[in-house]
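Chain residues, written in single-letter form:
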Amino acid sequence: MANHDRNKKILLDLVKKPDNSRCADCEAPDPDWASYKLGTFVCLTCTGTHRNLSNISRIKSIHLDFWDDELVEFMRANGNASARAFYEMAVPPFYYRPRQQDCAVLREQWIRAKYERQEFTSQGKHLQQAYSSGLYEGSLWKKGRDNGHYLKRRFVLSEKDFTLRYFTTDSQTKGPKAVIAVKTLNATFQPEKIGHPHGLQLTYLCEDHTRNLFVYHEDAQEIVNWFCAIRATRLAYLKTAFPMASDSELLPWITRNYLKEGYMEKTGPLQREPFKKRWFVLDAADRKLLYFKTQLDAVELGAVFIGQESQGYSTGECEPRGTRGNKWKFGIIVETPERQFVFMCEQEREQKEWVAAFSQVISRPMLPQDYTSKPHPLPPRTTPVSPTHCPPGLHQ
């Protein structure tokens, strides 16, 4: 008969080993569960997908469930490192490995790709051709620019000329509705913003302005294939543009999530104009703060470049005094060499999160490519504004 206490201790010792101390699928720390068919230690969140793969994976709690001796020995003989050596043997460099904070569709399809389809083993590697062949096309539901209706559109992604095209029903014979250069294309999952679990936001530059496309597909594997195809094409472009760079240097630039998003109130350049509610997006990679009228707008209203501290950029909390037109009370100053920006947040928590995000960008040294985003910054002001109070122009 199995010794419950002894087996539990063995499992607890196993999960403390460096290879097992993080979830085998999303790297969440301190996993409390294990797949006794795969020999892996996983987090509670990832167990949901494993339970849906009952013919491949079976889940038990390390702390709560009873473990037979043979299952414990199987876990001891395997573990996360052993599973990765087999199931992740041939993960292409562009493939995004989801983390704990990533959306459900990314994590689910990563788990299914590994264990169900075995896309990254020698036997299943051919399945990667679906999104790595250099040409990907199909239909996506796209939000209309001036309304909230999603319409079916045909998209074609080509590595040959590094473009993404989409067609309306009428334009399929006349030509594409838009031709998007992969050079500036970004893709990030936005299920909450779009209101669909498979919602994907595509962002690109058009005439120096940021434009958004909001799309989704009903099939989870298909939308993740689109994401993978975009990343594959982006990596191919970056290798062409920067032939001397290694994959590890290029990977952070393939696609990116935004550092911080949300509504704030914004006043005008003179700091006397009424505050207006705007949706802000802080793109840490491009060092830009973009703002839109709403979170689903197609075109930006403006952008603020965020340089580094030595060039006169700073940020801090602001105590509003006599401000006009603002409904929210938690202020932020962003100081640039050209002007001061004042924003208002609805909650103190949001204020602190925005200040921390701005500080993270400002404290990071600029890279050579950052200077192409904006003319060389002016020297810092000789009389900077204290970050603890709003500028005098607001003290009406």
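The model shown is predicted, which means the values in this text are computed figures rather than measured ones.

### As for the overall build of the chain
Broken down by element type, the chain carries eleven helices and 17 strands. The buried share of the chain, taken over its 396 residues, is 53%. Considering only contacts within the chain whose residues lie at least 6 apart along the sequence, 55% involve residues at least 24 apart.

### As for the pairing of strand E10 (residues 209-216)
Counted residue by residue, E10 has six buried out of eight residues, so it is predominantly covered. Relative to E10, strand E4 (residues 135-143) is paired through two bridges, and the arrangement is antiparallel. By the bridge assignment, Lys142 is partnered in E10 with Val215. Taking the residues between adjacent antiparallel strands as the criterion, strand E9 (residues 200-206) and E10 are bridged by two residues, where Glu207 takes a positive phi near 55 degrees.

### Concerning helix H11 (residues 348-362)
The terminal C-alpha atoms of H11 lie 21 Å apart, and with 15 residues this matches the ideal 21 Å at 1.5 Å per residue to within 8%. Where H11 is concerned, the buried positions are Glu350, Gln351, Trp354, Val355, Ala357, Phe358, Val361 and Ile362. In an axial view of H11, the angular spread of the buried residues amounts to 160 degrees, which keeps them on one side of the axis. Contacts from the buried residues of H11 go to strand E11 (260-266), strand E12 (276-283), strand E13 (288-292), strand E15 (314-318), strand E16 (330-335) and strand E17 (340-345).

### A short note on the nonpolar core
Counting 44 residues, the largest nonpolar core has Tyr95, Phe189 and Leu202 as the members making the most contacts within it. A total of 13 residues in this core trace back to one element, the largest contributor, which is helix H9 (residues 220-241). In contact with Tyr95, not counting residues within four places along its chain, are Gln109, Trp110, Ala113, Glu119, Phe120, Tyr131, Val224, Cys228 and Arg231. Ranked by size, the runner-up nonpolar core spans 22 residues in total, among them Met264, Val304, Tyr313 and Trp354.

### Topic: the environment of Phe292
On the secondary structure map, Phe292 appears in strand E13. Owing to a relative accessible area of 3%, Phe292 belongs among the buried residues under this scheme. The spatial distance from the C-alpha of Phe292 to the C-alpha of Tyr263 is 9.3 Å, given a sequence separation of 29 residues. With residues near it in sequence (within four places) discarded, Phe292 still touches Asn212, Arg278, Trp279, Val281, Asp297, Val299, Glu300 and Leu301.

### Structural notes on unusual backbone geometry
The backbone of Glu27 shows a phi angle near 65 degrees, a positive value even though the residue is not glycine. Considering the arrangement of structural elements, one finds Glu27 in the loop between helix H1 (4-15) and strand E1 (33-35).

### Quick word on the state of the cysteines
The tally for this structure, following the rule as stated, stands at zero disulfides. Here Cys43 is not disulfide-linked; the sulfur of Cys26 is the nearest cysteine sulfur, at 3.6 Å.

### What to know about the sheet that holds E13
Judged by pairing direction, the sheet is antiparallel, and its seven strands sit side by side in the order E14-E13-E12-E11-E17-E16-E15 without closing on themselves. The open sheet terminates on both sides in strands that have one partner only, identified here as strand E14 (302-305) and E15. Shown here is a sheet whose adjacent strand axes are inclined to one another by a mean of 35 degrees, direction ignored. Looking at chain direction, E11 and E17 are connected through two bridges and run antiparallel. Bridge pairing in E17 links Glu265 to Met344. The strands touched by H11 are E11, E12, E13, E15, E16 and E17; relative to E15, the strand with the most contacts, the crossing angle is about 170 degrees.

### With respect to the confidence of the model for the chain
Mean pLDDT for the chain: 89, with 89% of residues reaching 70 or above. Ranking the elements of the chain by mean pLDDT puts helix H7 (residues 171-174) last, at 67, and strand E8 (residues 186-189) first, at 98. Throughout residues 375-396 the model reports pLDDT below 50, and contacts reaching past four residues in sequence, or to other chains, amount to 57 contacts.

Basis of the calculations
Residues numbered from 1 in each chain as written. Predicted model: local features only at pLDDT ≥ 70, side-chain atom pairs only at ≥ 80, totals over all residues. Heavy atoms only, no water. Helix = DSSP H or I, 4+ residues; strand = E, 2+ residues; numbered from the N terminus. Buried < 20%, exposed > 50% of the residue type's maximum accessible area, 1.4 Å probe, protein only. Contact = heavy atoms within 4.5 Å. Pairing = 2+ DSSP bridges. Expected span 1.5 Å × (residues − 1). Arc of directions from axis to C-beta. Core = buried A, V, L, I, M, F, W, Y, C linked by side-chain atoms within 4.5 Å. Disulfide = S-S within 2.5 Å. Axes fitted to C-alpha atoms, helices over the stretch in contact; angles between N-to-C directions. pLDDT = per-residue confidence, 0-100.

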